[in-house]
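Inside the fold
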Amino acid sequence: ADRLGYHAEAAAYLDYFLSRQGARAPEGDVSSADGFLSGNVPGLRWMGENGFILWALAEHYKLSGDRLWLKRVAPRMIKSSDWIIRERARTKTPAGGERPRHYGLLPKGRASDNEELNYFYWTDAYSYAGLRGTADVLPEIGLEKEAARLRAEADDYKACILDSLERSILRDTDPPFVPQGPYMNQPPTAERLAASWYGICSPIYMVEMGLLAANDPRAAWTNRMIEKYVMTSGLPTVVRPGSIDPHYVYDQALSQLLRGETEKFLWTFYSLLAYGQARTTYATLEGNDIVTGSSGDAWDSLRMPHMHSGSRVMALLRISLLLEDGETLHLLAGTPRGWLAPGKTVEVRRAPTHFGEAGVRCESSALAREITAVVTPPARRTARIVLHVRPPTAFGPLKSVTVDGKPWAGTSGEAVDLGRVASQTVVVCRY
């Protein structure tokens, strides 16, 4: 909701979880529920619920800029952060004079609907992002001391996760195998990875959560391992051949887009629309049989309509148009080439980003091989803006670029690097 501009609705959703703080502990080896943020699904108590919700709270502020809201919820966010810190401290015990591979991770617990209790990087990735996100936003309301404390804890958490990851990678496989957890690094097979839901809760989530850069070899290895063993038509498979759980493919596609593998991103995006939608209502569902097209006889056989699934479809559309990467805002990085066929226009207005609302209008001339883009940069804080112009291949090579009427040299391939833009800017590309 926040990424689409529905900030009031997102705040209301988050209030539900805040009202339940401390109501229950996750399933696993934890000491208490004090500060833990959770949902209320009977029988499912994930270790990562707290971290995911905490991260969503930080993202709400980053996208809305609502300081009054942040002041109201900051004490709850700090309490949630302290739950992570306390539980991590319990795994910082050397064994035989050495640090075990789970040193500094959250305790063993349940990561998903899968009943296995183990140490999962998926859980720690979200929990780290929640802790780091809280440290990021607290200075906005003057809580510098608390922010510094949590930032130090987040830095230590990141170091522990990456140390564990480095010591757990199998390097004699092709590609090297980055496991789901420190003790889940058996040699990979399609059956083993499908059964452990590797395509759904793999370490590729570390990219979005700020632990690995998309260009990091470990991220690329994870992408390739998913492609090699547990993907069908660009979507994750689970449990048996043909069964897909497509709406957890977002981070796989995000990492590919950030690396410039746009065609792979689009393959997943269009496959999601083709195979992840109910045929009569176009509602999204959690899973489907890609061979038979069946999602079960009952309306709710796969929890349709499925909130997470719907949000992932919209999230993939959003990052095709606007995508934050640190202090950089990418515009139109994942757009299909046909969207800029002669006479066509792609337009985004007042879209929420971490920098404030931004917009772009990109119009392809019907008479000449020329594309004009008007970029409206965010006003809350400046960002380095990179405009991606992806016309049909029939346009041929890019011949020239002007920015506000002046020749521009900051172009690489299809990307026009505008730098830190502070006012509306006109870009003209000629082919």
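This text goes with the structure placed above it.
Reading the values: the criteria
Residues numbered from 1 in each chain as written. Predicted model: local features only at pLDDT ≥ 70, side-chain atom pairs only at ≥ 80, totals over all residues. Heavy atoms only, no water. Pairing = 2+ DSSP bridges. Helix = DSSP H or I, 4+ residues; strand = E, 2+ residues; numbered from the N terminus. Contact = heavy atoms within 4.5 Å. Axes fitted to C-alpha atoms, helices over the stretch in contact; angles between N-to-C directions. Salt bridge = Lys/Arg side-chain N within 4 Å of Asp/Glu carboxyl O. Buried < 20%, exposed > 50% of the residue type's maximum accessible area, 1.4 Å probe, protein only. Left-handed = near helix turned anticlockwise from the far one by under 90°. Nonpolar A, V, L, I, M, F, W, Y, C, P; charged D, E, K, R; others polar.

Some details on the sheet that holds strand S12 (residues 384-388)
To summarise the sheet geometry, strands pair through backbone hydrogen bonds and adopt either a parallel or an antiparallel arrangement. Sheet architecture is open: five strands sit in the order S7-S8-S12-S16-S15, paired in mixed fashion. Each end of this open sheet is capped by a strand with a single partner; those strands are strand S7 (322-325) and strand S15 (411-412). Note that S15 and strand S16 (residues 415-420) share two bridges and pair antiparallel. Bridged to Ser 412 within S16 is Ala 415. Strand contacts of helix H11 (residues 307-321): S7 and strand S8 (328-331), with the helix running at about 80° to S7, the strand carrying the most contacts.

Describing the sheet that holds strand S11 (residues 370-376)
Strand order across the open sheet formed by six strands is S9-S10-S11-S17-S13-S14, with antiparallel pairing between neighbours. With one partner strand each, in any of the chains shown, strand S9 (345-351) and strand S14 (406-407) form the two edges of the open sheet. Examined bridge by bridge, strand S10 (residues 358-364) and S11 share six bridges and lie antiparallel to one another. Within S11, the position partnered with Val 360 by the bridge is Val 375.

Considering the pattern of salt bridges
Any two side chains of opposite charge can pair, on the condition that their charged atoms come close. Considering all chains together, one arrives at 35 salt bridges under this definition. Asp 29 is the partner of Arg 90 in a salt bridge, and the nearest nitrogen-oxygen pair spans 3.5 Å. Here the residue Arg 90 occupies a position in the loop between helix H3 (67-89) and strand S1 (109-110), and Asp 29 occupies one in the loop between helix H1 (7-19) and helix H2 (49-64), the gap between them amounting to 61 residues. Owing to a relative accessible area of 46%, Asp 29 belongs among the partly exposed residues under this scheme. The shortest N-O distance in the salt bridge between Arg 390 and Glu 263 comes to 3.0 Å.

Focus on unusual backbone geometry
Trans is the common state for peptide bonds, and a negative phi is the common state for residues other than glycine. In this structure, Pro 175 follows Asp 174 across a cis peptide bond, with omega equal to -5°. With respect to the secondary-structure elements, Pro 175 resides in the loop between helix H5 (144-168) and helix H6 (190-195). Of note in this structure, Trp 197 is not a glycine but carries a positive phi near 60°. If you trace the backbone, Trp 197 turns up in the loop between H6 and helix H7 (205-208). Non-glycine residue Asp 404 carries a positive phi angle of around 50°. Relative to the helices and strands, Asp 404 resides in the loop between strand S13 (400-403) and S14.

So, the packing of helix H10 (residues 262-275) against H11
Axis separation between H10 and H11 bottoms out at 11 Å; the angle between their running directions is 145°. The two elements H10 and H11 cross, and the hand of that crossing is left-handed. Of the residues in H11, those touching H10 at Phe 265, Phe 269, Leu 272 and Leu 273 are Val 313, Leu 316, Leu 317, Ile 319 and Ser 320. Each residue belonging to the contact of H10 with H11 can be placed in one class, and the counts come to eight nonpolar, one polar and no charged.

Brief notes about the environment of Leu 70
With respect to the element layout, Leu 70 can be found in helix H3. You can call Leu 70 buried: its relative accessible area is 0%. Linking Leu 70 and Gln 277, residues 207 residues apart in sequence, is a C-alpha distance of 36 Å.

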